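Topology and contacts: notes
One-letter residues, chain by chain:
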Amino acid sequence: MKVRTRFAPSPTGFMHIGNLRTALYSYLYAKHNGGDFILRIEDTDRERYVDGAVEFIYSILKQAGIEHDEGPDKDGGCGPYVQSERKDIYLQYAKELIKKGGAYYCFCDKERLDSLADENGIKKYDKHCLNLSREEIEQKLSSGVPYVIRQNIPTEGMTEYTDMVYGTIRVPCEDMEDGVLIKSDGLPTYNFANVVDDHLMRITHVMRGTEYLSSTPKYNLMYDVFGWERPQYMHLPPIMKDAQHKLSKRYGDANFEDFIDKGFLPEAIVNYIALLGWAPKSNEEKMSLSELVDAFDVDGISHSPAIFDENKMKWLNGRYIRELSFEDFMKHAVKFFDSSVIKDKYDYNKFGKLLQGRIEIFSEIPSAVAFIEEFGEYDLSLFEHKKMKTDAKIAEVCLTEAIKIFEDIKDFNETEIHDRLVGRCEELGLKKGQMLFTVRVGLTGCASTPGGAVEMADILGKDESLRRLAFSLGLIKKHA
RNA sequence: GGCCCCAUGGUCAAGCGGUCAAGACAUCGCCCUUUCACGGCGGUAACGGGAGUUCGAUUCUCCCUGGGGUCACCA
């Protein structure tokens, strides 16, 4: 049987990293096995629906390179792929389930339901309406009393299934509640819709978070009553923000879009989250989507929660940045240059060439180039460098020399700057590093810059370089 | 609280009865170098606790502890 997996997000306007990982794993599993990946929109909760959220989902999936074979925009014969458009289907199946004894009408109002709470505030429905006679039901139905349809779960017995990642899960029936299948607004709950849709859409493997691990037996009970074949399940461990909190938007934790805005590459994000909760057989961690498809296996899925480490994702992103062609690098970098001090003033390419090899995320750009506009008093300890054996004193000598040299250079270019500076070092018995280090600091007043002394001087130009060197020299003398 | 699940360095993680317990991020040190960065090399750092089973447990079983999930007309 052809493998069919699905990703079924709710259109809430956000794409959590955890959700995206579920989509990714579902996609990887399907593609690894030559199967199809289906996109279904679960919008049965009208209160959470956000306009434009479906387009947003398409956009994220596209950026991530996760392409669906079927979905609202790609009919594969199992549509509609939006749950709100399937309302009649659910009702029809709910009625069938009632006929088969797997569900029943419930007319209890909120007040009665609330009264069922135990000392811990936990409510468990008492099957009150299961005992209604056919006449009572008909009467209430025809007189328009609001109702829901509940699942009829056996009061005793054990139900079990084998999860592909967690193994055998057993839950006593008495621990499960007769949950609502069809809400009073006529729409199904997730609990029902997912069962009906997965079956109708011929989903063979269901991947989702562990929060469904213990409610899956309820779904299986429905499959059984319907006489449908149960799908295979793969529950995925949660992604955590720290040891005790899940990553979630409720606490303002970053989602996919935020990371893109921060200057992460989609490929790097996808690569990183693939590794959060799954490990390849090999030790290679930088993997393209197609490499992930090849390598993906259920065995490698972890059972315990994983803490999201932005640091490691940054490192990975840095590797991706370095492998970009210069053109692609600039394409991503432009908007960050645009929001930096060099906008409209300097050649982006010049900075880009220096920066591609040293930044990890694009948002580092503005601060990396800030030195070009921001220059003033700085701490002279910046001139201290143990290995180079430099300090403010050496700097005074070097800067004095550098000023003379710069003044003397007619064609102010990198080669000339470098050769003259280095040449002078030999005459004076100074180390190259001493000269270049102090000049770099003297030119920028920064501990870290996008390039060395030569590049900085070249970018600043002769006049500005001279001005800054003079300023730095003055600074040193003032504090001497 | 009931039920379900999980437990290797700070983090992600290999491991699936016998290993000096991989690798990666971070961190530290060294090298390279035109600072930082990049790159290269190396160091520090882990099996939560207690009983079993076994000739031998990180690995199997049980208990404890810790953590997560779930108990909605949300998904």
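Residues numbered from 1 in each chain as written. Chains lettered and ligands numbered in written order. Predicted model: local features only at pLDDT ≥ 70, side-chain atom pairs only at ≥ 80, totals over all residues. Heavy atoms only, no water.

Close to RNA strand B lie 67 residues; Lys183, Glu285, Arg358, Arg440 and Gly451 are nearest. Counting only the atoms of RNA strand B within 4 Å of the protein, the fraction contributed by sugar and phosphate is 70%. Trp315 places a polar side-chain atom, nitrogen or oxygen, 3.4 Å from a phosphate oxygen of RNA strand B. Taken together, the residues that form the surface near RNA strand B break down as 24 nonpolar, 24 polar and 19 charged. (Near = heavy atom within 4 Å. Polar contact = N/O pair within 3.5 Å; in protein donor to acceptor, adjacent residues only side chain to side chain. Nonpolar A, V, L, I, M, F, W, Y, C, P; charged D, E, K, R; others polar.)

What follows concerns the packing of helix α9 (residues 266-274) against helix α11 (residues 310-323). Packing of α9 against α11 leaves a shortest axis separation of 9 Å and a crossing angle of 135°. Comparing their axes, α11 and α9 come out oblique. The two elements α9 and α11 meet at a crossing, and its hand is right-handed. Between α9, through Glu267, Ala268, Ile269, Asn271 and Tyr272, and α11, the contact on the second element is made entirely by Lys312, Met313, Leu316, Asn317 and Tyr320. (Axes fitted to C-alpha atoms, helices over the stretch in contact; angles between N-to-C directions. Helix = DSSP H or I, 4+ residues; strand = E, 2+ residues; numbered from the N terminus. Parallel < 35°, antiparallel > 145°, perpendicular 65-115°, else oblique. Left-handed = near helix turned anticlockwise from the far one by under 90°. Contact = heavy atoms within 4.5 Å.)

Turning to unusual backbone geometry, a few remarks are in order. With an omega dihedral of -10°, the bond running from Gly79 to Pro80 counts as a cis peptide bond. For Pro80, the position within the fold is in the loop between α2 (53-64) and α3 (87-99).

On to the layout of surface pockets, then. Put simply, the largest pocket is a space of about 1,200 Å³. For the lining of the largest pocket, the elements supplying multiple residues, two or more each, are β1 (4-7), α1 (17-32), β8 (205-209) and β11 (245-246). Element by element, the count of residues in the lining of the largest pocket is highest for α1, at six residues. Within the lining of the largest pocket, the residues separate by chemical class into 17 nonpolar, 13 polar and 11 charged. (1 Å grid on protein atoms, 1.4 Å probe; cavity = no way out; pocket = protein on both sides within 12 Å on 5 of 7 lines; lining within 4 Å. Points joined across faces, edges and corners; volume = space filled by probe spheres on them.)

Take the nonpolar core next. In this structure, Phe308, Phe337, Phe362 and Phe406 are the most contacted members of the largest nonpolar core, which totals 106 residues. Ranked by the residues each element gives to this core, the list is headed by α1, at nine residues. Here Phe337 is in contact with Met330, Ile342, Lys343, Tyr348, Phe351, Gly352, Leu355, Ile365 and Val369, once residues within four sequence places are set aside. The next biggest cluster of nonpolar side chains, apart from the first, holds 42 residues, and it includes Tyr104, Leu181, Ala193 and Val206. (Core = buried A, V, L, I, M, F, W, Y, C linked by side-chain atoms within 4.5 Å. Buried < 20%, exposed > 50% of the residue type's maximum accessible area, 1.4 Å probe, protein only.)

Judged by which residues are buried, strand β2 (residues 36-39) turns out to be covered on both faces: Asp36 and Ile38 on one side and Phe37 and Leu39 on the other are all buried. As a crossover connection, the stretch from β1 through α1 into β2 is right-handed. (Right-handed = clockwise from strand over helix to strand, strands pointing away.)

The topology assignment puts His128 in the loop between α4 (110-114) and α5 (134-142). Residues His128 and Leu436, spaced 308 residues apart in sequence, show a C-alpha to C-alpha distance of 85 Å. When neighbours within four sequence positions are excluded, His128 is seen to be in contact with Cys108 and Arg112.

Now for the packing of aromatic side chains. Enumeration over the complete set of coordinates arrives at 25 aromatic pairs. Seen in terms of ring centroids, Phe329 and Phe362 are 5.4 Å apart; in terms of plane orientation they differ by 40°. Their pairing is tilted. Of this pair, Phe329 sits in helix α12 (residues 326-338) while Phe362 sits in the loop between α13 (348-355) and α14 (365-369), and the two are 33 residues apart along the sequence. A single burial state applies to Phe329 and to Phe362, both of which are buried. Ring centres of Phe375 and Tyr378 lie 6.2 Å apart, and the angle between their planes is 45°; on these two criteria the pair is classed as tilted. The pair Phe375 / Tyr378 is uniform in exposure class, with both members buried. Counting every residue linked through ring pairs, the aromatic cluster contains Tyr93, Tyr223, Phe226 and Trp228. Sitting over the face of the ring of Tyr125, Arg150 holds its NZ or CZ atom 3.8 Å from the ring centroid. The ring of Tyr320 carries Lys286 above its face, with NZ or CZ at 4.2 Å from the centroid. (Phe/Tyr/Trp six-rings, centres within 6.5 Å; stacked < 30°, edge-to-face > 60°. Lys NZ or Arg CZ within 6 Å of the ring centre and 35° of its normal.)

Across all of its chains, the model carries zero disulfides by this definition. Here Cys398 stays unpaired: no disulfide links it, and the sulfur of Cys425, its closest cysteine neighbor, is 6.4 Å away. Since its relative accessible area comes to 0%, Cys398 is described here as buried. Relative accessible area serves as the criterion here: at 1%, Cys425 is assigned to the buried category. (Disulfide = S-S within 2.5 Å.)

Before going further, it helps to examine the domain arrangement of chain A. Domain annotation of chain A identifies domain 1 (86-236), domain 2 (328-373) and domain 3 (380-478). In total, about 900 Å² of surface goes out of reach between domain 2 and domain 3, with carbon and sulfur atoms giving 70% of it. Three residues stand out in domain 2 for area buried against domain 3, namely Lys350, Leu354 and Phe371, and they jointly supply 62% of the buried area on that side. Remark: the boundary between domain 2 and domain 3 carries one salt bridge. Put simply, Lys350 and Asp458 hold a salt bridge, and the shortest N to O gap is 3.3 Å. Across the domain 2-domain 3 interface, the total number found is five residue pairs in polar contact (both at pLDDT 80 or more). (Domains from an automatic or database assignment. Buried area = accessible area lost by both parts, 1.4 Å probe. Salt bridge = Lys/Arg side-chain N within 4 Å of Asp/Glu carboxyl O.)

As a further point, take helix α16 (residues 414-428). The periodicity of an α-helix, 3.6 residues per turn, causes residues three or four places apart in sequence to face the same way. With 15 residues, α16 should cover 21 Å at 1.5 Å per step; its first-to-last C-alpha distance of 21 Å lies within 8% of that length. Taken together, the buried positions of α16 are Ile417, Leu421, Val422 and Cys425. For α16, the buried positions fall inside an angular range of 110° around the axis, keeping them on one side. Seen from the buried face of α16, the exposed residues on the opposite side, beyond 90 degrees, are Thr415, Glu426 and Glu427. Of the surrounding secondary structure, the elements contacted by the buried residues of α16 are α15 (392-408), α17 (432-444) and α18 (453-460). The N-capping residue of α16, defined by a side-chain oxygen 3.1 Å from the backbone nitrogen of Thr415, is Asn413. One or two residues past the end of α16 sits Gly429, with phi positive at roughly 75°. (Expected span 1.5 Å × (residues − 1). Arc of directions from axis to C-beta.)

For side chains bearing opposite charge, pairing can occur when the charged atoms are close. Tallied over the full model, the rule gives 33 salt bridges. One salt bridge connects Glu42 with Arg40, and the closest N-O pair in it is separated by 2.9 Å. In terms of burial, Glu42 and Arg40 fall into one category: buried. Between Glu211 and Lys246 there is a salt bridge; the shortest N-O distance is 3.8 Å. Placement of Glu211 in the loop between β8 and α7 (216-226) and of Lys246 in strand β11 is noted, with a sequence separation of 35 residues between them.

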